[in-house]
Amino acid sequence: MRFAAFFDIIEGMNDKERVVEIILSALPDDAGLDAQTISDLIETPKTSDLGDLAFPCFALAKSLHKAPQAIAAEIAEKIETDRFEKVLATGPYVNFFLDKSKTANAVIADVLSAGTSFGDSADGAGRNVTLDMSSPNIAKPFGIGHLRSTVIADSLAYIYQKMGYNPVRINHLGDWGKQFGLLAVAYEKWGDEAAVKAHPIDELLKLYVRINAEIKGDPKHGIAPNKELDDAGRAQFLKMEQGDPGALAIWKWFRDESLAEFQRIYDKMNVRFDSMNGEAFYNDKMDAVLEELEEKGLLIESQGATIVELGEGKNPALIKKSDGATLYITRDLAAAIYRKTTYDFAKSLYVVGNEQSEHFKQLKEVLKLMGYAWADDMVHVSFGLVTKNGKKLSTRAGNVILLEPTIDEAIERSLAQINAKNPELAAKEQVAQQVGVGAIKFYDLKTDRKNGYDFDLEAMVSFEGETGPYVQYAYARIQSILRKSGKSDFSANFVEVDPEAWELVKLLQSFPEVVARAAREFEPSVVAKFAILLAQTFNKYYAHVRILEENAGLASRLALASAVATILKESLRLLGVESPEEM
Ligand code: ARG
């Protein structure tokens, strides 16, 4: 960590490490606790009247043959308090009260001088982290799962970049497979070029649904299954796999039309990719993988298909179907190896829904059997399902979220709120776009990713509650205060450490650890929750003190407000959310 508040007394240590050191030196030799154990035991008290850090002494009772209360008293007695405001024994706890004014000054000075690079780390040493993200299937609607993947991964990319890595955003498009053979057959039979051009995904989906329905038939109503169509689709896909120019031309048209639609969504969401290499990209790279599997003795014929056994009690990985067509996992094997060779990743993240966890387990296991130790650096960053009105999304039941109109509605609703609150605002449309899109992203990201959530547009765009607009509004409010002050440099000696200000200082100080934890746990919600807390705490402060009042504390209050604004803005940036200067 590179910020001075953590360095003020013992160089290179943060407050907690410093307290660990102090406790260690205050303990008798036979206490039997090492630094790590002490560090794990240290707590952050719930209320600040119990100090900033607390060490419970229960664990020492046995080795020291004394009551925890007595041990706490002895430790507190031994510690030189000049490093702290005070150190007190409260029952079985030793409570450490940081020197507030020293800490506050150091933290605020650091934030103001580093700006949004406060909390940047060199941990990643510039190594690549690949993020498999978004990855919609062409000729199908861009689903809410793809939205979650896009938003979570985009945020992780920013977070990892802040940790010193180089993020590589890869859109592993679902653009290959037998379904595109079927689609081509359906198009030849029933398709209408103009209709597809006008509404590509709607039309292609209709064709796909129709051919599948005909293949299945409806024996109950006397409609026989149509196996010929299925065979035709399979034959068409084989042609694609073999590089037949005609078969590829029509596939490429479906792909281009679909991508143009997806691109509109990405533009609205303000998300870009470094690579659009989808499944089709690996078509000519799978033979090499199959050969390698063969050489390593891993391929087994089973009922005409080709599989890799993964051990007892586990389902084998199906690598090739009996007709020779390759599968989703075959392409993922080729992609994983390609990414390692191309990017030499430190980590390879797959931001994909929970329902594919079996697939990613298999993928990793096959790679390990192939002898690739780097398979351990692959992480399935999974996430939960989104519901609407508490019910599962289902096209059939009509419970659907159409992404593009939903984004547009979020923007409109934001505009309506701005019109009500601040009708004079310049560039209203642009701000509404930042607020509406930010609202959808933020709502997704504040949820622990493994949990799902109910898609509630009204709650998302609300300026109240734990929402993106609430955080954005807190930022804009501070900017407006700072503008009113007429100053542009806010660095100042910080003299007013009242309890509300101290809460803010502690939050600011924790920001680097917040970012590090979000990265470690692949959990943008850590940053989102922090942003909410910082905004809420600032609003309390704002209600309690008159920031712009002309008195001796003015400069400190402006310095603090400016530091809070910087970190709010940076937190939102890490979530892929913009911070309008005015709202
Ligand atoms: N296209 C897939 C789907 O929509 C997601 C792909 C995820 N990435 C991967 N490398 N398998 O379900």
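Computed from a predicted structure; not experimentally measured.

Rules behind the numbers
Residues numbered from 1 in each chain as written. Predicted model: local features only at pLDDT ≥ 70, side-chain atom pairs only at ≥ 80, totals over all residues. Heavy atoms only, no water. Helix = DSSP H or I, 4+ residues; strand = E, 2+ residues; numbered from the N terminus. Contact = heavy atoms within 4.5 Å. Areas by Shrake-Rupley, 256 points an atom, 1.4 Å probe, with all protein chains shown as cover. Lys, Arg positive; Asp, Glu negative; His and termini not counted. Charge placed at Lys NZ, Arg CZ, Asp CG, Glu CD. Near = heavy atom within 4 Å. Polar contact = N/O pair within 3.5 Å; in protein donor to acceptor, adjacent residues only side chain to side chain. Nonpolar A, V, L, I, M, F, W, Y, C, P; charged D, E, K, R; others polar. Phe/Tyr/Trp six-rings, centres within 6.5 Å; stacked < 30°, edge-to-face > 60°. Buried < 20%, exposed > 50% of the residue type's maximum accessible area, 1.4 Å probe, protein only. Salt bridge = Lys/Arg side-chain N within 4 Å of Asp/Glu carboxyl O. Pairing = 2+ DSSP bridges.

Visitor: In this structure, what is going on with the overall build of the protein chain? I would like to understand it.
Guide: When helices and strands are counted, the protein chain shows 21 helices and 13 strands. Along the three orthogonal principal directions, the C-alpha set of the protein chain runs to about 85 × 65 × 45 Å. Long-range pairs, those at least 24 residues apart, make up 71% of the contacts in the protein chain with a sequence separation of at least 6. For the protein chain, the exposed area adds up to about 26200 Å²; of that, 50% sits on carbon and sulfur atoms. Across the protein chain, the mean location of the 67 positive side-chain charges is 3 Å away from that of the 86 negative side-chain charges.

Visitor: Explanation requested: the site of the ligand in the structure shown.
Guide: Near the ligand you find Asp 132, Ser 135, Asn 137, His 146, His 172, Tyr 328, Asp 332, Tyr 350, Val 352, Gln 356 and Phe 360, and these make up its full shell. Residue Asn 137 places a side-chain N or O atom 2.7 Å away from a nitrogen atom belonging to the ligand. Within the side chain of Gln 356, a nitrogen or oxygen atom sits 2.9 Å from an oxygen atom of the ligand. Look at the ligand: alone it shows 350 Å² of surface, and the protein chains cover 88% of it. A breakdown of the residues in the shell around the ligand according to their chemical character gives four nonpolar, five polar and two charged.

Visitor: I keep staring at the packing of aromatic side chains and nothing clicks. Help me out?
Guide: Two numbers describe a pair of aromatic rings. These are the distance of the centres and the angle of the planes. Throughout the structure, instances matching the rule amount to 24 aromatic pairs. Pairing Tyr 350 with Phe 360 gives two aromatic rings, centres 5.0 Å apart and planes at 45 degrees, and the pair type is tilted. You can see Tyr 350 sitting in strand 9 (residues 347-351) and its partner Phe 360 sitting in helix 14 (residues 357-369), a full 10 residues away along the chain. Take Tyr 350: its relative accessible area is 1%, and that puts it in the buried class.

Visitor: How should I be thinking about the pattern of salt bridges in this particular structure?
Guide: Side chains that carry opposite charge are capable of pairing whenever their charged atoms lie near each other. This model, assessed by the stated rule, comprises 33 salt bridges. Between Glu 214 and Arg 210 there is a salt bridge, with its nearest N and O atoms 3.6 Å apart. One end of the pair is Glu 214 and the other is Arg 210, both in helix 9 (residues 200-216) and four residues apart, which spans about a single turn. Here Asp 344 and Lys 340 are joined by a salt bridge, their closest N and O atoms 3.0 Å apart. Taking the relative accessible area as the measure of exposure, Lys 340 reaches 17% and is therefore buried. Three or more residues are tied together by salt bridges with common partners; here these are Lys 178, Lys 227, Asp 230, Asp 231 and Arg 234.

Visitor: How should I be thinking about unusual backbone geometry in this particular structure?
Guide: As a rule of thumb, non-glycine residues mostly have phi less than zero, and peptide bonds are mostly trans rather than cis. The phi dihedral of Asn 270 is positive, around 60 degrees, even though this residue is not glycine. One non-glycine residue with positive phi stands out, namely Phe 522, at about 50 degrees. On the secondary structure map, Phe 522 appears in the loop between helix 19 (499-520) and helix 20 (525-544). On the basis of relative accessible area, Phe 522 is assigned to the buried category, the value being 11%.

Visitor: Help me understand the pairing of strand 1 (residues 53-56) in this model?
Guide: The side chains of a regular strand alternate between the sheet's two faces. Residue alternation in strand 1 divides its side chains into two sets, Leu 53 and Phe 55 and Ala 54 and Pro 56, and both sets are buried. Pairing of strand 1 with strand 3 (residues 93-98) involves four bridges; the strand directions are antiparallel. Residue Ala 54 lies in a different strand from strand 3, and its bridge partner there is Asn 95.

Visitor: Sorry if this is basic, but what is going on with the sheet that holds strand 13 (residues 453-454) here?
Guide: Strands in a sheet are paired, the pairing made by backbone hydrogen bonds, and the direction either parallel or antiparallel. A sheet is described by the order of its strands in space; here three strands give the open sequence 12-11-13, paired in mixed fashion. Every interior strand has two partners, whereas the edge strands, strand 12 (391-392) and strand 13, have only one. Across two bridges, strand 11 (residues 386-388) lies against strand 13 in parallel orientation. Each residue of the ladder has a partner; that of Thr 387, found in strand 13, is Asp 454.

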